[in-house]
Structure formats: C-alpha cells, structure tokens
Amino acid sequence: MSIVRRGRSAIRRIAFGDTLIPQEFTIALREPQQEISVWLHGLGDPIDVTRRITTACCAPLTIGVSLDEGQRLGRSRFHALLLFCERTQERRVLGEIRLASKTILPLDGSELILFNVLGSSNYCLPKPRLWAHFVSQAYSNWRNLQSFDVKMTALELRAAIVTFIRPHPLGLVSIVTEAGGNIFPMNLMGELGNGYFAFALKDSRLAAHLVEREGRIALSTVPMPLCSLAFQYAAHHTKESIDWDQLPFPLKLSKEFRIPVPVSAPRVREIQVDQVHKIGSHTLFVARVISDERFSEELQVHVVHGFYQHWRLRGQREALAASVAADSLNKRGLAAS
Ligand SMILES: Cc1cc2nc3c(=O)[nH]c(=O)nc-3n(C[C@H](O)[C@H](O)[C@H](O)COP(=O)(O)O)c2cc1C
C-alpha cells in the first residue's frame, strides 16, 4: 500500500473508529419489535406513536403520525417532537426529530398528521464520530447530488437516519396486474391504528404506479432465509411484471384477494388502498387492512440504521463484526470481505 493510501486509511480509522458499517443494516427480530418506542411530545401528555408512524416521503422528508380524534387539541398548525427511546429500564433517548405539522388527512375515527422536519439529534454515536459521518456524507451528497433521483438535504438525511432507530420490518409486496403481477421489497411503511396502514413508494418507479392502478396488495413479512432474495427483488420496483413460475420459493394464494405470497411468510396482510397522495419523491398510500394472518412467530428481517446497530452492540467488538458479516449474508448471500 502506498504511503498516501496508508495515511488516508489511518485518518479514517481515527475519525470513524469501528463505526464504518453499512448504513442500511438488517437484523433478525420478532414482530412487532420490542426494542424502541416512539413518543410524540407537544400535545399535552406524551403520546406513544410506536405503532402509528410512517415515513410518508423522503424528499421533502415527511413523517406521518396518526392520532385519535381530539388528541390534536384542536390545533391546526403546531410544532412537535418525536423521541426515539430504548424500551429497557433506563428508557434512554437515542434520537429526536423536531417537527412542524403541514397537512391533516382525515381517517375514520382518527387522522393522519403529515409533518415537515425542522431538525434532529442522534445519540447513538459519540458526537465526534457522528460529525465525522455527517461531514463525509455532506461532501459525498454535494458531489453526487445531481445523479440522485431522490434529492434530500443534509438536514433531511440526518433526520431519516433517526427514523431508522426504530426497527422497520421488511415487507414483500405482491400485486396482481393484467400483465401478470410483481413482488418487491418495501420498508417505508407503518401501521396507523384502527385498521389503517400507510406506505410510501418512489414515484419514479413503476411499482408505485402498479399499486395506484390496482389499489390492492398482499404484504408478507420476510423470514430470514428469504432476506437476500427480497433485496434482489429491489430491481422489481422498475418492472411491469415478473414470472411467478421463476421464483425460487413456493407460493400460495392470499386469503381474500387471491394474490400469490411466499408460503414461508410469517405474516400476511391484505391491504386495500383508500387514499393516494403525491407528495414529492414518493407517493403516500393510505390503506385499510382487509385481512391479517399470522402463521409463525419466527425471527423476521428488520432494517435499522448502522448507527443504531453500533449502539446495540457498543463495546462488543466481536459481536459487531459478526453482525456485519451476517448483514452481508442476509443481503447478498455473501460474507463481508
Ligand atoms: C430493503 C429494501 C427496502 C425498500 N423499500 C422501499 C420502499 O419502502 N419504497 C420504495 O419506493 N422503494 C423501496 N425500495 C426500492 C429502492 O428504493 C429502489 O427504488 C429500488 O431498489 C430500485 O432502485 P434503482 O432503480 O435505483 O436500482 C427498497 C429496496 C430495498 C432493497
């Protein structure tokens, strides 16, 4: 290795330590995850919104939180704070996002509040490490922004990282269309309570338009052995249809809609789209859960940010290295090099 390269890698080691791990990190958890709770502050007593939150759009970064009627205290415009807390006894706060409400979407018996993001704080890494990442990300963002189809500001990127402190279950969306159908991964989604569910799909990919056209999907959670295939099927976001017969795992039909889903899916929900909102880079689908079947309690793929994974395994160097290798296997069926 040349002296220049050696010098560069020494500087990286000093700046980042052992925090240079994948930002999008896969872990195995039972669903619903019990590690992190999310609290909304700013409307009287804090409200637990762990199972009533979703990312509605990336650019502009828009967070959706559903509240029961009356919880908004009659306010039409307000600021709020989301706290991402450990569920351990210490209840440590690992992240904060500062919000300003922008739109209220009425649901039956509740409402979905869409918020703009004003700022965020992340406590998963020590400040110098965090800023080493932020400076490096800001530089790479500045250099490559023109080539990104989703153009997020540095403020939005930092807040999006905080949203992934809450483990996001990975879903495989199945859809039947005239041309055949499709199956693709999705994690920008969340329950809204009262039988409502929301998800966000990039407007620039065909998947969003298939869902808008058909108005119904089957959503399967992903058992660990299907993880690398689910990642491979990211390419299906750009396809009009796929050949069901070519999928290397057995399928069965969902309960009501008769949409093909993996036989090994631990949970399958059938979802009917109720509202479609074009926000920016993403289309937000607000939907109703028509059926919800749980077939097993096994571990399922969840996606977290690498900073949170580093927090989970802080001080456990070998366990962290093993989790990086497992993540690589999960995604590509390959060990990390
Ligand atoms: C694990 C995983 C989760 C994803 N979740 C979403 C999602 O929630 N919404 C979405 O629009 N795209 C989602 N995608 C798709 C990607 O954002 C991207 O559009 C897709 O990989 C095709 O991108 P490309 O055309 O740039 O290669 C996901 C991809 C992966 C691998």
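Reading the values: the criteria
- Sequence order as written defines residue numbering, which begins from 1 separately in each chain.
- Selection of residues for local features in this predicted model requires a pLDDT of at least 70, selection of side-chain atom pairs for listing and counting requires 80 or more, and totals for whole chains, interfaces and linings are taken over all residues.
- In computing side-chain properties, one takes all heavy atoms of the structure into account and sets aside hydrogens as well as water.
- Note on conventions: DSSP H or I runs of at least 4 residues are helices, E runs of at least 2 residues are strands, and numbering of each starts at the N terminus.
- In the analysis that follows, any N or O atom pair within 3.5 Å is treated as a polar contact, provided that within protein one partner can donate a hydrogen and the other can accept it, and provided that, for residues neighboring in sequence, both atoms belong to side chains.
- Residues count as neighbours in contact if any of their non-hydrogen atoms are within 4.5 Å of one another.
- Strand pairing is assigned whenever DSSP detects at least two bridges linking the two strands.
- The criterion for an aromatic pair is that two Phe, Tyr or Trp rings (for Trp, the six-membered ring) have centres within 6.5 Å, with stacked assigned to planes under 30 degrees apart, edge-to-face to planes over 60 apart and tilted to the rest.
- Burial status follows relative accessibility: with a 1.4 Å probe on protein chains alone, a residue under 20% of its type maximum counts as buried, one over 50% as exposed, and anything between as partly exposed.
- Whether a charge sits over a ring comes down to the Lys NZ or Arg CZ being within 6 Å of the ring centre and within 35 degrees of the ring normal.
- Each nonpolar core is a collection of buried residues, namely Ala, Val, Leu, Ile, Met, Phe, Trp, Tyr and Cys, held together in the definition by side-chain atoms within 4.5 Å.

S.K.: How would you sum up the side chain of Thr26? Please name residues and give values.
M.R.: By secondary structure assignment, the location of Thr26 is in strand E1 (residues 24–29). Polar side-chain contacts of Thr26 include one of 2.7 Å to the side chain of Asp327. One polar contact links Thr26 to Asn330, side chain to side chain, over a distance of 3.0 Å. Beyond its immediate chain neighbours, meaning those up to four positions away, Thr26 contacts Cys227, Phe231, Val301, His302, Asp327, Asn330 and Lys331.

S.K.: Would you mind going over the sheet that holds strand E9 (residues 168–169) in detail, with residue names and values included?
M.R.: Taken in spatial order, the three strands make up an open sheet running E1-E19-E9, and their pairing is antiparallel. Every other strand in the sheet has two partners, leaving E1 and E9 as the edge strands with one partner each.

S.K.: Which residues make up the packing of aromatic side chains, and what values go with them?
M.R.: Considering all chains together, one arrives at five aromatic pairs under this definition. Measuring from centroid to centroid gives 5.7 Å for Phe78 and Phe115, while their planes differ by 85°, and the two rings are edge-to-face. Here the residue Phe78 occupies a position in the loop between strand E5 (62–68) and strand E6 (79–86), and Phe115 occupies one in strand E8 (residues 110–122), the gap between them amounting to 37 residues. Both residues of the pair, Phe78 and Phe115, belong to the buried class. Over the face of the ring belonging to Phe134 we find Arg158, whose NZ or CZ atom lies 5.2 Å from the ring centre. If you follow Arg216 out to its NZ or CZ, it ends over the ring of Phe257, 3.9 Å from the centre.

S.K.: Lay out the nonpolar core in plain terms, naming residues and giving numbers.
M.R.: In this structure, Leu40 and Leu82 are the most contacted members of the largest nonpolar core, which totals 49 residues. Broken down by element, the residue count for this core peaks at four residues, all from helix H3 (residues 154–163).

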